[in-house]
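# Tertiary structure, described
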Amino acid sequence: MLKVENLNIYYGNIHAVKDISLEINDGEVISLIGANGAGKTSTLQSISGLLPKKGVVKFLDKDISKEPPHKITKLGIAQVPEGRHVFTKLSVYDNLVLGAFTRKDDYSDTIKKIYERFPILEERKNQAAGTLSGGEQQMLAMGRALMSKPKLLLLDEPSMGLSPLFVEKIFDVIKDLKEEKTTILLVEQNANLALKISDRAYVLETGKIVKQGPSQSLANDPSIKAAYLGE
């Protein structure tokens, strides 16, 4: 579904992502793990068109390397950004509707499904999004992305800053999406959670992929345990 070849990202003179390649097959959940500053978020933003880059990004065999973000969204890639970035002054409902801006069909069934997935959003649909807790805003950001019915969902640090209860809820939803065969690229600092839920993973260190493979194999790798799993 997605193929990234020789991706390089620069911030001025800083070479943030160095010649990385990765691929995602239909229905897979793939994790990118690594420390802060490893290049995980930059990689996601380059895929969704938010960052200029060198290299090739192909989605469903189409080269999207030079496409702007709104066209990439129309093709079927939706990103849940780090920090959620909901529209705080708009209602929960209006935030969800904005997620469907690429659709020309009736999306009422999609909203209904999102309310079933996140009942708190239906309860608070007329509230300003800025009045929600961090965990509720994360649910809203995920719901907004799902409104476009994406073929590929990019999740950037979905557990960041959340209480353990909300982390559990968010990862229950990711498990459900996985069972529904939603293709997901997950960036997550909690390597334990990421490796448990993903099929394969790539490990980034200072902008380079240093390890890759089945998640279970990486979870049992002594160097990964020492660096990321607190063992």
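The structure contained in this document is the topic of the report that follows. (Residues numbered from 1 in each chain as written. Predicted model: local features only at pLDDT ≥ 70, side-chain atom pairs only at ≥ 80, totals over all residues. Heavy atoms only, no water.)

### A look at the sheet that holds strand β6 (residues 77–80)
We count it as follows: Two strands pair if DSSP finds at least two bridges between them. The helix and strand labels rest on DSSP assignments: H or I over at least four residues marks a helix, E over at least two residues marks a strand, and numbering proceeds from the N terminus. For helices, the fitted axis covers only the stretch in contact; all axes are lines through C-alpha atoms, and the angles between them, taken along N-to-C directions, range from 0 to 180 degrees.
Taken together, the six strands give an open sheet; going across it, the order is β6-β7-β8-β3-β9-β10, and neighbouring strands pair in mixed fashion. With one partner strand each, in any of the chains shown, β6 and β10 (208–214) form the two edges of the open sheet. Averaged over all neighbouring strand pairs, the angle between strand axes comes to 15 degrees, with direction disregarded. Pairing of β6 with strand β7 (residues 152–156), which is carried by four bridges, proceeds in the parallel orientation.

### Thoughts on the pattern of salt bridges
Our working rule: Any Lys or Arg side-chain nitrogen found within 4 Å of a carboxyl oxygen on Asp or Glu counts as a salt bridge. Only protein chains enter the accessibility calculation, which uses a 1.4 Å probe. A residue is then buried if its area is under 20% of the maximum for its type, exposed if over 50%, and partly exposed in between.
Counting across every chain of the model gives eight salt bridges. The salt bridge partner of Lys175 is Asp172, with a shortest N-O separation of 4.0 Å. With Lys175 and Asp172 both in helix α7 (residues 164–179) and three residues apart, the pair spans about one turn of that helix. Under the relative-accessibility criterion, Lys175 is labelled partly exposed at 46%. The salt bridge involving Asp199 is made with Lys178; its shortest N-O contact spans 3.6 Å. Of this pair, Asp199 sits in the loop between α8 (191–197) and β9 (200–205) while Lys178 sits in helix α7, and the two are 21 residues apart along the sequence. Residue classification places Asp199 among the partly exposed positions, given a relative accessible area of 32%. For Lys178, a relative accessible area of 25% corresponds to the partly exposed category.

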